[in-house]
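# A closer look at the structure
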Amino acid sequence: MKVGIHTPNAPTMCDGKGQIQCPHQAVQHGSTVHICGQVGCNPTTNEIVNTKCVKSQTEQAFKNVQAVIEAAGGSMKDIVHCTICLANMEDHDAVFEVFAKHFPHHQSGDKQHPAPAVTCFAVKELPKNAMVQVTAVGCCGDALPN
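Everything in this summary refers to the structure shown in the same document. As the structure is a computational prediction, the values presented were derived from the model and not from experiment. Note on numbering: residues in each chain are counted from 1, in written sequence order. Totals for whole chains, interfaces and linings use all residues, but because this is a predicted model, local features are given only for residues with pLDDT of at least 70 and pairs of side-chain atoms are given and counted only at 80 or more. Just so you know, side-chain values use all the structure's heavy atoms and leave hydrogens and water out.

### Some details on the packing of helix H1 (residues 54-71) against helix H2 (residues 92-102)
The cut-off we apply is this: Interaxial angles span 0 to 180 degrees and are taken between N-to-C directions of axes, which are lines fitted to C-alpha atoms, for helices over the stretch in contact. Secondary structure counts use DSSP, requiring at least four H or I residues in a row for a helix and at least two E residues in a row for a strand, with both numbered from the N terminus. Helix crossings are classified by the rotation of the near helix relative to the far one: an anticlockwise turn of less than a right angle makes the crossing left-handed, while a clockwise turn makes it right-handed. Any two residues whose heavy atoms approach within 4.5 Å at even a single point are treated as in contact.
Two numbers describe how H1 lies on H2: the axes approach to 9 Å, and their chain directions differ by 35°. Classified by chirality, the crossing of H2 by H1 is right-handed. In this structure, H1 uses Val-54, Lys-55, Thr-58, Glu-59, Phe-62 and Gln-66 to contact H2, whose residues at the interface are Ala-94, Val-95, Glu-97, Val-98, Phe-99, Lys-101 and His-102.

### Examining the state of the cysteines
As a reminder of what qualifies: Counting rule for disulfides: a pair of cysteine sulfur atoms within 2.5 Å. Working definition: with a 1.4 Å probe on protein chains only, accessible area under 20% of the residue-type maximum means buried, over 50% means exposed, and in between means partly exposed.
Evaluation of the coordinates by the stated rule reveals 0 disulfides. Free cysteine: Cys-140, not disulfide-bonded; nearest cysteine sulfur from Cys-139 at 7.2 Å. When its relative accessible area of 14% is taken as the criterion, Cys-140 is described as buried.

### Re the nonpolar core
Under the convention used in this document: To form a nonpolar core, buried Ala, Val, Leu, Ile, Met, Phe, Trp, Tyr and Cys residues must be joined to one another through side-chain atoms within 4.5 Å.
Grouped together as the largest cluster of nonpolar side chains are 29 residues, with contacts concentrated most on Ile-35, Phe-62, Ile-79 and Ile-84. Within the residue set of this core, elements represented by two or more residues are strand S3 (32-39), H1, strand S4 (79-86), H2 and strand S6 (132-139). Here the element with the most residues in this core is H1; it accounts for 7 residues. Phe-62 has contacts with Met-76, Cys-82, Ile-84, Val-98, Phe-99, His-102, Phe-103 and Val-134, leaving out every residue within four places of it along the chain. Counting residues in each nonpolar core, the second largest holds 6 residues, with Val-39, Cys-41, Cys-85 and Leu-126 among its members.

If you want it as structure tokens, here you go:
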């Protein structure tokens, strides 16, 4: 059985007119949580934070991912894969500085608690003219959230 995950602590995808496009921020099937692409939107205003700073947007995107995985009953340690889309590949190093803060075991090579696998590529354009978008997959045990 699959279930949609929604939390007020992460933004909801809306179109340019404010109409909700997707009522949930993730889909959980068994222990696997597929988190929808998160840009650096403030969940309260649904607006991009600091439109000129990729680090600020990346930080907010990972906070949004964290809110969603926690709503599914997991934590950032449960993330097994991230896909990072960049509007400009020159932002790669700055984005991965923020990534390392959220996955401190990324550099350690800890085989017991490895960092998630990562795919990163540049795209022509992102929603809301964001500079970065993070999609993630986590494994959170077998129980579905209430």
